[in-house]
Amino acid sequence: MLALLQLMSASSGPLGTRNAQRELARRGMELSESSVSRLLREMDARGWTAPVGTKGRTLSREGRRRAAEAVLAHRASDSLQHAVRDAKDLLDLLRARLAVESAVAGDAARAPQEDRLLRLQDLCDQHARVVGSAPMIEQPGLQFHRGVVEMSSNRMLKVAAEMMLAPHLDRVEAVLDTVLATRRDEEKVVAEHQAVLDRITQRDPTGAEEAMRAHFEAMIAAVETSIVGGNEVLVQRLLDWVPDVASP
């Protein structure tokens, strides 16, 4: 949907489903016409777009704001990707995420939607099933964090969090997963995610914020312990590998 927002913001007139599909394909996003149509209807429902007869859709005021945020987050996350060069940078990123995502979790707990709570529980269950197995490459833990961000209603927090959780940084997250796996801390991560979800489900903003903070403090401690324990070379090699394989 964010890609569609960017297409519309650059369009001189209404954008139709078929043209949107073609432009997305040019950007490497192969979607069926029915899938594009479904996304556009969802954008209508969110108030991001408005139909213009049979000509297609244009952005609403809210849609223009969302498009601007998407461009900002994309540019910032692209710069951030190349800023994570060593173990210290990784720790700095985690500390920044601690501050932002703790506040996001507290905000998400104020009025959580039932369908999104069910989605987060499904991600927690999926994460528990795949710990230590090949499907971890799908990063259910990362998807959990993105799901919490999606629940927040604070626009500024969401922009900051989406910047640090953008796809450009997925490989950095993979480095963190590797560090946690070498310490066998993955089961603890699942339990910490469940604790965050439980507080959100209970509509407990303070508890959700504290649970997310505890989760990040545990991850930061794990990385610091790994570095002290002699794994700094492993972390450095993984981070050196990141820019070569990250998506443009």
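Further up the page is the structure itself.
A. Inspection of the overall build of the protein chain at higher detail. For the protein chain, the count of helices and strands is eleven helices and two strands. Counting from the amino terminus, helix and strand elements in the protein chain follow one another as α-α-α-β-β-α-α-α-α-α-α-α-α. Counting the 248 residues in the protein chain, one finds 43% classified as buried. Contacts spanning at least 24 positions in sequence make up 72% of the contacts within the protein chain whose residues lie at least 6 apart.

B. Representation of the pattern of salt bridges. Per the counting criterion, the structure on display carries 15 salt bridges. We note a salt bridge from Arg95 to Glu224, for which the minimum N-O separation is 2.9 Å. Of this pair, Arg95 sits in helix α5 (residues 87-108) while Glu224 sits in helix α11 (residues 205-245), and the two are 129 residues apart along the sequence. The exposure class of Glu224 is partly exposed, given its relative accessible area of 32%. If you follow the salt bridges from partner to partner, you end up with Glu42, Arg46, Arg116 and Glu150 in one network.

C. Structural view of the nonpolar core. In terms of nonpolar packing, the biggest core is built from 44 residues, with Val148, Ile200 and Val223 touching the most fellow members. By residue number, the principal contributor to this core is α5, which donates ten residues. Grouped together as the second largest cluster of nonpolar side chains are 15 residues, Ala3, Leu4, Leu5 and Leu24 included.

D. Highlighting the side chain of Glu192. With respect to the helices and strands, the residue Glu192 is situated in helix α10 (residues 186-201). The buried charged residue Glu192 lacks any salt bridge partner; its closest oppositely charged side chain belongs to Lys188, at an N-O distance of 7.1 Å. Sequence-distant contacts of Glu192, defined by excluding residues within four places in its chain, comprise His215 and Ala218.

E. View of the packing of helix α6 (residues 114-130) against α10. Interaxial distance between α6 and α10 falls to 10 Å at its minimum, and their mutual angle equals 165°. What the angle tells us is that α6 and α10 run roughly antiparallel. Considering the relative orientation of α6 and α10, their crossing is left-handed. For the pair α6 and α10, the contacting residues are Leu117, Leu120, Gln121, Cys124, His127 and Ala128 in the first and Val189, Val190, His193, Gln194, Leu197, Ile200 and Thr201 in the second. Here the contact of α6 with α10 is composed, by residue class, of eight nonpolar, five polar and no charged.

F. Expanded view of the environment of Asp198. Positionally, Asp198 belongs in helix α10. Linking Asp198 and Ala208, residues ten residues apart in sequence, is a C-alpha distance of 7.9 Å.

G. Representation of the packing of helix α7 (residues 140-151) against α10 in the model. Closest axis-to-axis distance for the α7/α10 pair is 11 Å, and the angle between their directions is 20°. Comparing their axes, α10 and α7 come out roughly parallel. The two elements α7 and α10 meet at a crossing, and its hand is left-handed. In this structure, α7 uses Gly141, Phe144, His145, Val148 and Met151 to contact α10, whose residues at the interface are His193, Val196, Leu197 and Ile200. Partitioned by chemical class, the residues of the contact of α7 with α10 number six nonpolar, three polar and no charged.

Conventions adopted
- Residues numbered from 1 in each chain as written.
- Predicted model: local features only at pLDDT ≥ 70, side-chain atom pairs only at ≥ 80, totals over all residues.
- Heavy atoms only, no water.
- Helix = DSSP H or I, 4+ residues; strand = E, 2+ residues; numbered from the N terminus.
- Buried < 20%, exposed > 50% of the residue type's maximum accessible area, 1.4 Å probe, protein only.
- Contact = heavy atoms within 4.5 Å.
- Salt bridge = Lys/Arg side-chain N within 4 Å of Asp/Glu carboxyl O.
- Core = buried A, V, L, I, M, F, W, Y, C linked by side-chain atoms within 4.5 Å.
- Lys, Arg positive; Asp, Glu negative; His and termini not counted.
- Axes fitted to C-alpha atoms, helices over the stretch in contact; angles between N-to-C directions.
- Parallel < 35°, antiparallel > 145°, perpendicular 65-115°, else oblique.
- Left-handed = near helix turned anticlockwise from the far one by under 90°.
- Nonpolar A, V, L, I, M, F, W, Y, C, P; charged D, E, K, R; others polar.

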